[in-house]
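# Summary of structural features
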Amino acid sequence: MSIHIAAHKGDIAPSILLPGDPLRAQFIAENYLENAVCFNKVRNMLGFTGTWRGQRVSVMGSGMGMPSLSIYVNELIRDYGCQKLVRVGTCGGLSDTVKVRDLVLGLSASTDSAVNKIRFKGMDYAPAPSFRLLHRAYEAARARTLPVHVGKILSSDSFYTHDPDQWKLWAKFGVVAVEMEAAELYTLAAQYGVEALTVLTVSDHLVTGGDTTSEERERTFGSMVEVALEAVLG
Ligand code: HPA
C-alpha cells in the first residue's frame, strides 16, 4: 500500500491509462476491459486492473491538475512499478489547425506551472513523451482514419485565467491545445526512466468557440481509449 493508493504490489499492471476523472476510469474498465477488478477507492480515485485483447492493463483516475496527477504517478511508478503511462483526457483547442473532437497527441508540454522551475533550480526543462508510445498511438489513430494531430500542448495550472487573452502567447509559438497535467506526467516519466504519453480529444475551442455535446464526447472518448490501449500494449 502507498499513501494514496490502497493496492497491494502486483495489483496494478505495468501499463496504465490515466483519465482525469475517476468515473471515466470506471467507464473504461466496464466497457473496454475484461475481468476488471477495482484496486483503489481511497478518495474515490477509482483504479481497476483487467485485460484488453488478453493483455493485462490498469486504468486509474489522476484527478485534475498537476499536483493531483503528481501524487498518483509518483506512487504508481515508485511503489507499483508502472512502466507505461498514458493520460487520456480533454483539451481546449488553441489553433484553427485542430478542430473540436479531433485527437491531439502531446509532442511536448510547455507549462505555466512553477513545479519545474523549482525542480530545475530556475532553469527550463522540456517535458516530452516517449517516442515509442507516440508513434504507436499515431499509427493506431491513422489505421482508424481518425483526425489526429501530433502537436505542442500547454499544461496550465489555471482553467480560469484572469487575462482572457493569455493563451494567445502560447498559440503564437505553435502550441495547439491546453490541458492541465501532461508536463508533470512527462517529467516524472523521465525522472524514473519510464514511458509516458498524453492522448487528448479537443472538447472546447478558444479560437473558434466550438463545444461538444456529451454524446459526441462519449463517442470520441471511445476512439481515444482504443488508441491509448493500442499504444500502451503494442
Ligand atoms: N483549459 C484547460 N484545460 C482544459 C480545457 C481548457 O480550456 N479544456 C479541456 N481541458
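Below: a short report on this structure. Here the structure is a predicted model, which is why all the values come from computation and not from measurement. (Residues numbered from 1 in each chain as written. Predicted model: local features only at pLDDT ≥ 70, side-chain atom pairs only at ≥ 80, totals over all residues. Heavy atoms only, no water.)

Here we come to the overall build of the protein chain. Looking only at helices and strands, one finds seven helices and nine strands in the protein chain. A globule of 234 residues ought to have a C-alpha radius of gyration of about 17 Å, and the protein chain, at 17 Å, matches this closely. Here the protein chain holds 234 residues, and the buried ones make up 53% of them. Within the protein chain, one finds 23 positive and 25 negative side-chain charges whose respective centroids are separated by 5 Å. (Helix = DSSP H or I, 4+ residues; strand = E, 2+ residues; numbered from the N terminus. Rg over C-alpha atoms; globule rule 2.2 N^0.38 Å. Buried < 20%, exposed > 50% of the residue type's maximum accessible area, 1.4 Å probe, protein only. Lys, Arg positive; Asp, Glu negative; His and termini not counted. Charge placed at Lys NZ, Arg CZ, Asp CG, Glu CD.)

Contacts to the ligand come from Thr90, Cys91, Gly92, Phe159, Val178, Glu179, Met180, Ser203, Asp204 and Leu206. With respect to the ligand, the side chain of Asp204 contributes an N or O atom lying 2.8 Å from a nitrogen atom. Alone, the ligand offers 260 Å² of accessible surface; in the complex the protein occludes 88% of this. Residue assignment for the shell around the ligand shows that the elements contributing at least two residues are strand E5 (84-93), strand E8 (175-179) and strand E9 (195-205). Looking at which element gives the most residues to the shell around the ligand, the answer is E5, with three residues. (Near = heavy atom within 4 Å. Polar contact = N/O pair within 3.5 Å; in protein donor to acceptor, adjacent residues only side chain to side chain. Areas by Shrake-Rupley, 256 points an atom, 1.4 Å probe, with all protein chains shown as cover.)

Moving on, we come to helix H4 (residues 131-143). Each full turn of the α-helix corresponds to 3.6 residues, which orients residues three or four apart in the same direction. Between the first and last C-alpha of H4 there are 18 Å, a value that for 13 residues agrees with the 18 Å anticipated at 1.5 Å per step. Leu133, Leu134, Ala137, Ala140 and Ala141 are the residues of H4 that are buried. Projection of H4 onto a plane perpendicular to its axis shows the buried side chains occupying an angular sector of 130 degrees, all on one side. Exposed residues lying more than 90 degrees from the buried face of H4 are Phe131, Arg142 and Ala143. Buried residues in H4 make contact with E5, strand E6 (103-111), strand E7 (148-155), E9 and helix H7 (214-233). (Expected span 1.5 Å × (residues − 1). Arc of directions from axis to C-beta. Contact = heavy atoms within 4.5 Å.)

The next point concerns H7. The end-to-end C-alpha separation of H7 is 28 Å, in line with the 28 Å expected for 20 residues at 1.5 Å each. Among the residues trailing H7, Gly234 stands out with phi positive, at a value near 60 degrees.

What follows concerns the side chain of Ser15. On the secondary structure map, Ser15 appears in strand E1 (residues 15-19). Owing to a relative accessible area of 9%, Ser15 belongs among the buried residues under this scheme. Here Val232 takes part through its backbone oxygen, which lies 3.4 Å from a polar atom of the side chain of Ser15. If near-sequence neighbours (up to four positions away) are discounted, Ser15 is found in contact with Val57, Ser58, Lys84, Val232 and Leu233.

With that out of the way, let us pick up the pattern of salt bridges. Evaluated as defined, the whole model comprises 10 salt bridges. Across the pair Glu230 and Arg53 runs a salt bridge, and its minimum N-O distance is 3.5 Å. Of this pair, Glu230 sits in helix H7 while Arg53 sits in the loop between strand E3 (47-52) and strand E4 (55-60), and the two are 177 residues apart along the sequence. Overall, Glu230 belongs to the partly exposed group, its relative accessible area being 22%. (Salt bridge = Lys/Arg side-chain N within 4 Å of Asp/Glu carboxyl O.)

Evaluated as defined, the whole model comprises three aromatic pairs. Ring geometry for Phe120 versus Tyr125: centroids 4.8 Å apart, planes at 5 degrees, classification stacked. For Tyr125, a relative accessible area of 32% gives the class partly exposed. Arranged with centres 4.8 Å apart and planes meeting at 75 degrees, the rings of Phe159 and Tyr160 form a pair that is edge-to-face. On the accessibility criterion, Phe159 (59% relative accessible area) is exposed. Classification of Tyr160 as exposed rests on a relative accessible area of 72%. Between Arg24 and the ring centre of Phe221, over which it is positioned, the NZ or CZ distance is 4.2 Å. (Phe/Tyr/Trp six-rings, centres within 6.5 Å; stacked < 30°, edge-to-face > 60°. Lys NZ or Arg CZ within 6 Å of the ring centre and 35° of its normal.)

As a further point, take the side chain of Asn74. If you trace the backbone, Asn74 turns up in helix H2 (residues 66-78). Classification of Asn74 by relative accessible area gives buried; the value is 18%. If we skip the residues at most four places from it in the chain, Asn74 touches Asp79, Leu188 and Tyr192.

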